[in-house]
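Chains, contacts and geometry: an overview
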Amino acid sequence: DQQVKQNSPSLSVQEGRISILNCDYTNSMFDYFLWYKKYPAEGPTFLISISSIKDKNEDGRFTVFLNKSAKHLSLHIVPSQPGDSAVYFCAASGGGADGLTFGKGTHLIIQP
Amino acid sequence: DAGVIQSPRHEVTEMGQEVTLRCKPISGHNSLFWYRQTMMRGLELLIYFNNNVPIDDSGMPEDRFSAKMPNASFSTLKIQPSEPRDSAVYFCASRPTGVAFGYTFGSGTRLTVV
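Figured I'd write up the structure that's included with this text. (Residues numbered from 1 in each chain as written. Chains lettered and ligands numbered in written order. Predicted model: local features only at pLDDT ≥ 70, side-chain atom pairs only at ≥ 80, totals over all residues. Heavy atoms only, no water.)

Secondary structure assignment for chain B yields zero helices and eleven strands. Element order for chain B, N to C, with α for helix and β for strand: β-β-β-β-β-β-β-β-β-β-β. Radius of gyration (C-alpha) of chain B: 13 Å, near the 13 Å computed for a compact globule of 114 residues. For chain B, the C-alpha atoms occupy an extent of roughly 40 × 25 × 25 Å along the three principal directions. Residues counted as buried form 47% of the 114 residues belonging to chain B. Contacts in chain B between residues at least 24 apart in sequence constitute 54% of all its contacts with a sequence separation of at least 6. For chain B, the distance from the average position of its 11 positive side-chain charges to the average position of its 11 negative side-chain charges is 5 Å. (Helix = DSSP H or I, 4+ residues; strand = E, 2+ residues; numbered from the N terminus. Rg over C-alpha atoms; globule rule 2.2 N^0.38 Å. Buried < 20%, exposed > 50% of the residue type's maximum accessible area, 1.4 Å probe, protein only. Contact = heavy atoms within 4.5 Å. Lys, Arg positive; Asp, Glu negative; His and termini not counted. Charge placed at Lys NZ, Arg CZ, Asp CG, Glu CD.)

With that settled, the discussion passes to the pairing of strand β11 (residues 106–111) of chain A. All names here are of chain A. The side-chain alternation of β11 yields one buried face, formed by T106, L108 and I110, and one unburied face, formed by H107, I109 and Q111. Note that strand β2 (residues 10–14) and β11 share five bridges and pair parallel. Residue pairing for β11: S12 is matched across the bridge by I109. (Pairing = 2+ DSSP bridges.)

Residues and elements named next belong to chain A. A contiguous nonpolar surface patch, about 230 Å² in accessible area, is contributed by I18, I20 and V78. Within the secondary structure, V78 sits in the loop between β8 (72–77) and β9 (86–94). Owing to a relative accessible area of 43%, V78 belongs among the partly exposed residues under this scheme. (Patch = residues over 30% accessible without salt bridge, like charges linked within 9 Å, V, L, I, M, F, W, Y side chains within 5 Å. Areas by Shrake-Rupley, 256 points an atom, 1.4 Å probe, with all protein chains shown as cover. Salt bridge = Lys/Arg side-chain N within 4 Å of Asp/Glu carboxyl O.)

For the rest of this paragraph, the subject is the pattern of salt bridges. Residues and elements named next belong to chain B. All told, the structure shown has nine salt bridges over all chains when counted by the stated rule. Here R41 ties to E44 by a salt bridge, and the two come within 2.6 Å at their closest N and O atoms. On the basis of relative accessibility, which here comes to 53%, the residue R41 falls in the exposed class. Where E83 meets R64, a salt bridge forms, and the shortest distance between an N and an O atom there is 3.5 Å. One end of the pair, E83, is in the loop between β8 (74–79) and β9 (88–95); the other, R64, is in the loop between β6 (53–56) and β7 (65–71), with 19 residues separating them in the sequence.

A few words on the pairing of β7 of chain B. Residues and elements named next belong to chain B. In terms of strand pairing, β7 meets β8 through five bridges, oriented antiparallel. The residue of β8 that forms the bridge with A67 is L77. Connecting β7 to the next strand, β8, in antiparallel fashion are two residues.

Right, let's talk about the nonpolar core for a bit. Counting residues in hydrophobic clusters, the biggest one holds 23 residues, and the most contacted among them are F33, W35, L73, L75 and Y88 of chain A. Mapped by element, the contributors of at least two residues to this core are β3 (19–25), β4 (30–38), β5 (45–51), β7 (62–67), β8, β9 and β11 of chain A. If you tally residues by element for this core, the top one is β9 of chain A, at four residues. Setting aside anything within four residues of it in sequence, one finds L73 of chain A in contact with L21, N22, C23, Y25, F33, W35, V64, F65, L66 and C90 of chain A. In terms of nonpolar packing, the next biggest core, distinct from the first, is built from 21 residues, C23, M69, A88 and L111 of chain B among them. (Core = buried A, V, L, I, M, F, W, Y, C linked by side-chain atoms within 4.5 Å.)

This paragraph deals with the state of the cysteines. Residue and element names in this part refer to chain A. The full count for this structure, using the stated rule, is two disulfides over all chains. Put simply, C23 and C90 are joined by a disulfide, and their sulfur atoms are 2.0 Å apart. Here C23 and C90 share a disulfide; its torsion about the S-S bond, -75 degrees, makes the bridge left-handed. Of this pair, C23 sits in strand β3 while C90 sits in strand β9, and the two are 67 residues apart along the sequence. (Disulfide = S-S within 2.5 Å.)

Printed below as a string of structure tokens:
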């Protein structure tokens, strides 16, 4: 039973365009959401987060949007750069449990 | 700070052998987590510790898996006996207690059981 779902295993975007990565969750008790970026042979690194009391958080080229009623969040990267090519994981925390619940990841490929 | 340090980076072992994975968390981080990444299941939480005490091991797949944290600077994940389906990348992460976004992951141990 996947509580955090990333339905697109991969996404290809042209350099300079906007990348939009999507994530859905089922547990309404989640109160904190995070995006992690992972390069091959490295551990995931924290990218951006959002609390459930907000609907948007922005950090430079990265913006995360949260739609609580739809149990959906998205990560926008604009403009996309070659170094953004990586696997992006959506994660959630809360519901009385510690630790993070991860989606399976989306492999973002930025094409020149 | 050197970050979360995991060893070995790669481990190849024969089915039935004992495997021990090691983790050194970031100094001052009170919480430590072990995750496993597979193609089928993605990143799964196996067990986590707060102040060296195991809090939730419900993610540990079977009794063949055990984890210890004898002190604040060291943790082990042991598989005995190992099976081919245990092949995965195992990540250790640490964070200060109560900081929701403060997770730092190690580079992982890629385990192959043949």
